[in-house]
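A structural walkthrough
Residues per chain, in single letters:
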Amino acid sequence: MSEKEGGSGGASPQASAVTVSDVQELIRRKEEIEAQIKANYGVLESLKGVGMNEPLVDCEGYPRSDVDLYQVRTARHNIVCLQNDHKAVMKQVEEALHQLHARDKEKQARDMAEAQEEAMSRSLSQSEGLSPPQAFAKVNSVSPGSPASIAGLQVDDEIVEFGSVNTQNFQSLQNIGTVVQHSEGKPLNVTVIRRGEKHRLRLVPTRWAGKGLLGCNIIPLQ
């Protein structure tokens, strides 16, 4: 049962490189445990409103006959075990997000080096009369811990390419919505202009604790 769940999670996200899917799995497990805790509290509520601390003996020290003592003890035991599992999973979520963010910083450093090279080549292109790629949309909010945040998207990023959508074929935000719906769990290449520099990001649309598959809001530039 849940005790096993709480103890078996140490191998996957901790041992090797943490992935977005590891975090999603931990969040799913956290939600399952929360649902089980709620269900066990529901059992206690159904037993004449008995909670975690009410005595199970009467004023004379005899076991109470008005409630099912076995059910009460079982539900209380389950709640204590599940709460311990919940603490363990929350710690794993925190550590996994920390690893993802640390790796994201390394990735941003690599992206910065690539962006500097691209900026140089872009300035050469501009000097030869070639125009830089045009953005068609802009990011105006990013939720912490979301797939968009994990991918490195930032507010005010101007989108040049989103999967198969680019300036040439972009018509409305529905184009992006369609790409996202068909790419759940699959990496999308997203190219943005950030403070005049181009950044290539790898975004995986996935279900997470918040709404949607991205956790960001995008608006068209025109």
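Analysis parameters
- Residues numbered from 1 in each chain as written.
- Predicted model: local features only at pLDDT ≥ 70, side-chain atom pairs only at ≥ 80, totals over all residues.
- Heavy atoms only, no water.
- UniProt positions renumbered as here; feature names shortened; annotations may be inferred.
- Helix = DSSP H or I, 4+ residues; strand = E, 2+ residues; numbered from the N terminus.
- Buried < 20%, exposed > 50% of the residue type's maximum accessible area, 1.4 Å probe, protein only.
- Contact = heavy atoms within 4.5 Å.
- Areas by Shrake-Rupley, 256 points an atom, 1.4 Å probe, with all protein chains shown as cover.
- Salt bridge = Lys/Arg side-chain N within 4 Å of Asp/Glu carboxyl O.
- Polar contact = N/O pair within 3.5 Å; in protein donor to acceptor, adjacent residues only side chain to side chain.
- Core = buried A, V, L, I, M, F, W, Y, C linked by side-chain atoms within 4.5 Å.
- Expected span 1.5 Å × (residues − 1).
- Arc of directions from axis to C-beta.

Looking at an unreviewed UniProt entry, the chain carries the name 26S proteasome non-ATPase regulatory subunit 9, with the source organism given as Myotis lucifugus. Under the UniProt heading Function (unreviewed entry), the entry covering the chain gives this text: "Acts as a chaperone during the assembly of the 26S proteasome, specifically of the base subcomplex of the PA700/19S regulatory complex (RC). During the base subcomplex assembly is part of an intermediate PSMD9:PSMC6:PSMC3 module, also known as modulator trimer complex; PSMD9 is released during the further base assembly process." Its UniProt record gives the chain the following Subunit (unreviewed entry) comment, quoted word for word: "Interacts with PSMC3. Part of a transient complex (modulator) containing PSMD9, PSMC6 and PSMC3 formed during the assembly of the 26S proteasome."

Of the regular secondary structure elements, the chain holds six helices and six strands. Listed N to C, the secondary structure of the chain is α-α-α-α-β-α-β-β-α-β-β-β in terms of helices and strands. Counting every position in the chain, which comprises 222 residues, the buried fraction comes to 38%. Sequence separation of at least 24 residues holds for 66% of the intrachain contacts in the chain that already meet a minimum separation of 6. Carbon and sulfur atoms make up 52% of the accessible area of the chain, which totals about 13100 Å².

On to unusual backbone geometry. The phi angle at aspartate 156 is positive, at roughly 80 degrees, despite the residue not being glycine. Position of aspartate 156 relative to the elements: it lies in the loop between α5 (147-151) and β2 (158-162). Positive phi, normally seen in glycine, also occurs at arginine 195, with a value near 50 degrees. Here arginine 195 shows up in the loop between β4 (188-194) and β5 (197-203).

So, on to the pattern of salt bridges. Scanning all chains against the criterion turns up nine salt bridges. Salt-bridge contacts for glutamate 54 lead to arginine 76; the nearest nitrogen and oxygen are separated by 3.9 Å. With glutamate 54 in the loop between α3 (20-46) and α4 (69-127) and arginine 76 in helix α4, the pair connects residues that are 22 residues apart, well separated along the chain. Among the charged side chains, a salt-bridge network with shared partners connects Glu25, Arg28 and Glu32.

Bringing the environment of asparagine 78 into the picture now. Take asparagine 78: it is sitting in helix α4. Between the C-alpha atoms of asparagine 78 and isoleucine 37, which are 41 residues apart in sequence, the distance is 7.7 Å. Side-chain polar atoms of asparagine 78 contact the side chain of asparagine 40, separated by 3.2 Å.

We now examine the nonpolar core. Counting residues in hydrophobic clusters, the biggest one holds 22 residues, and the most contacted among them are Phe136, Leu153, Ile159, Phe162, Leu203 and Ile218. Listing elements by their share of this core, those giving two or more residues are β1 (137-142), α5, β2, α6 (173-181), β4, β5 and β6 (216-220). If near-sequence neighbours (up to four positions away) are discounted, leucine 203 is found in contact with Pro147, Ala148, Ala151, Leu153, Phe162, Lys186, Pro187, Leu188, Val190 and Leu214. Core analysis: the second largest hydrophobic core is formed by 13 residues, Val18, Ile33, Ile37 and Ala96 among them.

Turning to α3, a few remarks are in order. With 27 residues, α3 extends 39 Å between its outermost C-alpha atoms, agreeing within 8% with the 39 Å of an ideal straight helix rising 1.5 Å per residue. Turning to α3, its buried residues number three or more, namely Val20, Asp22, Val23, Gln24, Leu26, Ile27, Arg29, Lys30, Ile33, Ile37, Asn40 and Leu44. Directly beyond the C-terminal end of α3, a positive phi value near 55 degrees is found at lysine 48.

As a further point, take α6. What α6 keeps buried is the set Ile176, Val179 and Val180. Projected onto a plane normal to the axis of α6, the buried residues spread over an arc of 100 degrees and lie on a single side. Exposed residues pointing more than 90 degrees away from the buried face of α6 are listed as Gln174 and Gln181. As for α6, its buried residues are in contact with β2, β3 (165-166), β4 and β6.

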